[in-house]
Amino acid sequence: MPNEFKTVCVVGLGYIGLPTAATLASAGFAVKGTDISEHIVEELNEGRAHFSEPDLDMLVRGAVSSERLKAYTEPQPADAFIITVPTPIRDDKSPDMSFVEAAARSVAPVLEAGNLIILESTSPLGATDGVAAIVREARPDLVEGETLKVAIAYCPERILPGQMVRELVQNDRIVGGLTPADAERARDLYESFVRGEIHMTDAKTAELVKLIENAYRDVNIAFANEVANVGEAHGLNPWEAIELANRHPRVNILNPGPGVGGHCIAVDPWFLISDNNDLTGLMAEARRVNDGRPKSVIEKIRAAAKKAGTKKIACLGLAFKPNVDDLRESPAIDIAVGLAQEGFEIYAVEPHVNALPERLWRHDNIRLAGFDEALAKSDIVALLVGHKAFLKRKGDVEGRTVIDAVGLWRESPHVA
Ligand SMILES: NC(=O)c1ccc[n+]([C@@H]2O[C@H](COP(=O)([O-])OP(=O)(O)OC[C@H]3O[C@@H](n4cnc5c(N)ncnc54)[C@H](O)[C@@H]3O)[C@@H](O)[C@H]2O)c1
């Protein structure tokens, strides 16, 4: 239930901001969602979510029809502001903080003494200080000596696409204040709608927590992928070796795959690496190993195609991970594009989408196909994403040349 905060302005209504805004509204806050995209604002004011996520449509419809959630193209006065805008990396892998800076600048004019600003965007160390510096510069009337009359905190988001609505409420949260009092105010806000535990710290530690969570995942996946590189070079089945190694009571190696995609694990480690080059050799090497996997899958497909004397490949899966429709930064797409550029004919099977993403349109040798059509038209089957839908189709590819890059159809004949 709302406490000292009655109104919350959520800045950036994407994958994170929209479920956050709708959840806050359903917890009783008056929520003003803002986004620079007019399309998103219009859709939301008509009661629709602009992307698909279980239970989100219902939550948004309820929030909008109860008039607790309304969308705008510019920040509106509120008790608390939550910034959930993108933080991509540039071509040179340095963090692009321009969206966060623009969001902070857009919030500054409507701030009042006593407000709270929370940065949720995944950010490099010091980003929350950066938000404070923008507010200080834009609103000298809110500065008294060293004191800023607005509380500022960092609170990273860790929700999993596919389970966002549930995890927004259930997950533990880390709140890092610029001052201990700022952390307490941020805690008060989250406490009113989060059922998980809330852990308070300083802002920079909270920034580090988010980055090391994803760097940890990346390094562990890289280890599995390196095991796969070694196993495959020796003609061994890496999944079998890993399955056997994991019988050790203190070993738990992850599954190798065709690379790491998405907008988090493949991106966030760079926020640490680019500012701490001398200290992050392991993380940088993990990035290199994981980024190299699509190329080794292409090599395997190319070799199999040469042996079979064919150019027709069924690529099963385009998403960046199993059972989602998210194709951003997907290694499966890198593989399909790499093969297409070499002149292969690709029949791409992606049960979670109805159309190919725009970046594939210029490759007229990549076509979206159903499973049966792709199988009928291709000589080689490359399994690139471990979608549940593919699990039961194992029997249908028997007798064909199969490159299983995710181990979904693996057989470990020596594992009892
Ligand atoms: N998607 C995830 O699963 C996930 C998980 C954890 C953390 N994060 C982090 O959360 C942040 C947001 O990610 P996302 O996936 O929601 O991004 P997104 O691209 O889906 O949404 C961001 C939204 O912000 C809007 N925007 C950009 N600049 C703006 C501005 N100045 N003012 C108002 N709106 C603006 C964009 O139009 C867009 O709708 C990123 O830092 C991301 O790394 C994402």
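Residues numbered from 1 in each chain as written. Predicted model: local features only at pLDDT ≥ 70, side-chain atom pairs only at ≥ 80, totals over all residues. Heavy atoms only, no water.

The chain appears in an unreviewed UniProt entry as UDP-N-acetyl-D-mannosaminuronic acid dehydrogenase from Parasphingopyxis lamellibrachiae. As recorded by UniProt, the Sequence similarities (unreviewed entry) comment attached to the chain reads in full: "Belongs to the UDP-glucose/GDP-mannose dehydrogenase family." (UniProt positions renumbered as here; feature names shortened; annotations may be inferred.)

Engineer: Before we move on, can you summarise the overall build of the chain with the specific residues and values?
Structural biologist: On a plain count of helices and strands, the chain comes out with 14 helices and 15 strands. For 416 residues, the compact-globule estimate of 2.2 N^0.38 gives 22 Å, and the chain sits close to it at 24 Å. Across its three principal axes, the chain shows a C-alpha extent of roughly 75 × 45 × 40 Å. Evaluated residue by residue, the chain yields a buried proportion of 52% over its 416 residues. (Helix = DSSP H or I, 4+ residues; strand = E, 2+ residues; numbered from the N terminus. Rg over C-alpha atoms; globule rule 2.2 N^0.38 Å. Buried < 20%, exposed > 50% of the residue type's maximum accessible area, 1.4 Å probe, protein only.)

Engineer: How would you sum up the side chain of Ser-330? Please name residues and give values.
Structural biologist: Along the chain, Ser-330 turns up in the loop between strand E11 (312-316) and helix H12 (331-341). Setting aside residues up to four positions removed in sequence, Ser-330 forms contacts with Leu-318, Ala-319 and Phe-320. (Contact = heavy atoms within 4.5 Å.)

Engineer: Help me get a handle on the site of the ligand, residues and values and all.
Structural biologist: Surveying the vicinity of the ligand reveals 24 residues, the closest of which are Tyr-15, Ile-16, Asp-35, Thr-87 and Thr-122. At 2.9 Å from an oxygen atom of the ligand is found a main-chain nitrogen or oxygen belonging to Ile-16. A distance of 3.3 Å separates a nitrogen atom of the ligand from a polar side-chain atom of His-263. In the complex, the protein chains occlude 88% of the 830 Å² of accessible area that the ligand would expose alone. In terms of residue class, the shell around the ligand is built from 14 nonpolar, seven polar and three charged. (Near = heavy atom within 4 Å. Polar contact = N/O pair within 3.5 Å; in protein donor to acceptor, adjacent residues only side chain to side chain. Areas by Shrake-Rupley, 256 points an atom, 1.4 Å probe, with all protein chains shown as cover. Nonpolar A, V, L, I, M, F, W, Y, C, P; charged D, E, K, R; others polar.)

Engineer: Residue-level account of the sheet that holds strand E15 (residues 401-404), with values.
Structural biologist: The parallel open sheet is built from five strands, whose spatial order is E13-E12-E11-E14-E15. Sheet topology places strand E13 (366-368) and E15 at the edges, where each strand pairs with a single neighbour. Between one strand axis and the next, the sheet turns by 20° as a mean value, whatever way the strands run. Both E11 and strand E14 (residues 380-383) contribute to a ladder of four bridges, which runs parallel. By the bridge assignment for E14, Cys-315 is matched with Ala-382. (Pairing = 2+ DSSP bridges. Axes fitted to C-alpha atoms, helices over the stretch in contact; angles between N-to-C directions.)

Engineer: Which residues make up the UniProt feature "domain: UDP-glucose/GDP-mannose dehydrogenase C-terminal" (unreviewed entry) in the chain, and what are the values?
Structural biologist: UniProt annotation of "domain: UDP-glucose/GDP-mannose dehydrogenase C-terminal" (unreviewed entry) refers to residues 314-411 when read in the numbering used here. Taken as a whole, residues 314-411 contains 22% helix and 19% strand, while its terminal C-alpha atoms sit 21 Å from one another.

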